Amino acid sequence: MITFTEAQLAAWLSPIVWPFLRVLALFSVAPVFSIRSIPQRVKIGLAFFVAFAAQAGLVGQPLVSLNSPQALGAVVQQVGVGLSIGFAVRLVFTSVELAGELVGLQMGLNFASFFDPSSNAQVSAVSRFMGHMSTLLFVVMNGHLIVLMAVIKSFERFPVDGNFFDTLQHIKLYALGSGLFSSALWIALPMIGMLLFVNLAMGVISRVAPQMNIYSIGFPVTLTMGLVGVTITLPMLDQPVMALMEKAIDLFTAK
């Protein structure tokens with residue numbers, strides 16, 4: 001009769017359970033992975049497959065038994081690190097959407113807002129368009145593979161030791177706060193500058209020709225120039241998105 005001891009079961013399950021929890025927490029908040037149309041069973045199965053496939057690279061990790069006093073701390077640690085990685089990646093998309101909000105405000109399209117089920121909030125058309133473009137770039141640049149590599153590499157900087165407070169001390173998500181607003185302004189700056197020049201030109205025209213109804217022609221001109229600016233700057237969106245992605249990933253992989 002084949003028998004197994006508790007130590008053997010812990011040695012077999014622990015290396016898979018802790019990466020599984022971290023990857024599953026990542027899938028719950030990370031863009032693309034957290035889409036509601038993906039069934040929960042698929043997410044759980046994919047998380048288990050990633051954790052199982054990563055066993056060859058997770059060598060030398062501390063062994064934390066499932067019934068040890070450190071198990072609860074290890075669970076909190078894995079969930080916290082996974083959620084932090086997903087939240088950091090989500091901030092990259094938020095910066096692009098914030099740039100879309102600024103451009104839509106200058107174009108006069110912020111009134112064209114609708115309910116976004118993914119964020120449970122009202123978003124403008126330009127912001128949602130920029131968000132869709134950043135999602136497309138994320139997939140085209142293999143961002144989903146970069147995120148999976150980051151969550152596996154995070155075990156080198158944040159090993160499974162059950163010390164959640166020490167992990168929380170080294171996760172510096174606040175460092176992305178200033179980068180969020182500055183990157184959004186840099187992305188939107190060319191279009192904001194162009195629309196500002198258009199508004200100044202319309203102001204000069206209204207002073208030179210007072211009989212012209214500036215309100216009837218101002219909105220079409222501003223809208224047209226805004227669309228032209230979006231068309232021109234959209235091919236250059238990959239550089240700031242990739243730079244923000246690298247900055248977010250470095251928080252969890254760089255030692």
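These numbers were taken from a predicted model, which means no experiment stands behind them.

About the thresholds
Residues numbered from 1 in each chain as written. Predicted model: local features only at pLDDT ≥ 70, side-chain atom pairs only at ≥ 80, totals over all residues. Heavy atoms only, no water. Helix = DSSP H or I, 4+ residues; strand = E, 2+ residues; numbered from the N terminus. Buried < 20%, exposed > 50% of the residue type's maximum accessible area, 1.4 Å probe, protein only. Contact = heavy atoms within 4.5 Å. Areas by Shrake-Rupley, 256 points an atom, 1.4 Å probe, with all protein chains shown as cover. Patch = residues over 30% accessible without salt bridge, like charges linked within 9 Å, V, L, I, M, F, W, Y side chains within 5 Å. Salt bridge = Lys/Arg side-chain N within 4 Å of Asp/Glu carboxyl O. Core = buried A, V, L, I, M, F, W, Y, C linked by side-chain atoms within 4.5 Å. Expected span 1.5 Å × (residues − 1). Arc of directions from axis to C-beta. pLDDT = per-residue confidence, 0-100. Polar contact = N/O pair within 3.5 Å; in protein donor to acceptor, adjacent residues only side chain to side chain.

Draft legend 1. Layout of the overall build of the chain. Secondary structure assignment for the chain yields nine helices and two strands. For the chain, the sequential pattern of α-helices and β-strands runs α-α-α-β-β-α-α-α-α-α-α. Within the chain, buried positions represent 38% of all 255 residues. Pairs at least 24 apart in sequence give 79% of the contacts found in the chain among residues at least 6 apart. If you sum the accessible surface of the chain, you get close to 14,100 Å²; carbon and sulfur atoms cover 71% of it.

Draft legend 2. Spatial organisation of a nonpolar patch on the surface. A grouping of Val29, Val75, Val79 and Leu83 is seen on the molecular surface, where their side chains present a nonpolar patch of about 230 Å² in accessible area. Mapped onto the elements, Val75 comes out in helix H3 (residues 71-107).

Draft legend 3. Region of interest: the nonpolar core. With 56 residues, the main nonpolar core has Leu26, Phe27, Val89, Val92, Val103, Leu237 and Phe252 as its most contacted residues. When contributions to this core are tallied by element, the ones reaching two or more residues are helix H1 (6-29), helix H2 (40-53), H3, helix H4 (125-140), helix H5 (143-157), helix H7 (175-208) and helix H9 (238-253). Among the elements that line this core, the one with the most residues is H3, at 13 residues. With residues near it in sequence (within four places) discarded, Leu26 still touches Gly82, Ile85, Gly86, Val147 and Val151.

Draft legend 4. How the structure looks around H9. Between the first and last C-alpha of H9 there are 22 Å, a value that for 16 residues agrees with the 22 Å anticipated at 1.5 Å per step. Residues Val241, Leu244, Met245, Ala248, Ile249, Leu251 and Phe252 constitute the buried set of H9. Relative to the axis of H9, the buried residues are bounded by an arc of 140 degrees and lie together on one face. Where H9 is buried, its residues meet H3, H4, H5 and H7.

Draft legend 5. Here's a closer look at the confidence of the model for the chain. On average, residues of the chain carry a pLDDT of 79, and 87% of them reach 70 or more. Mean pLDDT across the secondary structure elements of the chain bottoms out at helix H6 (residues 164-170), with 67, and peaks at H2, with 87.

Draft legend 6. Spatial organisation of the pattern of salt bridges. Applying the stated criterion to the full structure yields three salt bridges. Residues Arg90 and Glu97 are paired through a salt bridge, measuring 3.3 Å at the closest nitrogen-oxygen approach. Note on Glu97: relative accessible area 14%, which makes it buried. The shortest N-O distance in the salt bridge between Glu97 and Arg128 comes to 3.9 Å. Of the two residues, Glu97 sits in helix H3 while Arg128 sits in helix H4, which places them 31 residues apart along the sequence. The burial state of Glu97 is the same as that of Arg128; both residues are buried. Linked by salt bridges that have partners in common, Arg90, Glu97 and Arg128 make up one network.

Draft legend 7. How the structure looks around unusual backbone geometry. Residue Val32 is not a glycine yet carries a positive backbone phi of 70 degrees. In this structure, Val32 sits in the loop between H1 and H2. Residue Val32 is classed as partly exposed on the basis of its relative accessible area of 23%. At Asn142, a residue that is not glycine, the phi angle is positive and equals roughly 60 degrees.

Draft legend 8. Spotlight on the side chain of Ser95. Position of Ser95 relative to the elements: it lies in helix H3. Exposure remark for Ser95: the relative accessible area of 0% places this residue in the buried category. Looking at Ser95, its side chain comes within polar contact range of the main-chain oxygen of Val92, at 2.6 Å. Filtering out sequence-adjacent residues up to four positions away, Ser95 remains in contact with Leu180, Ala184 and Leu244.

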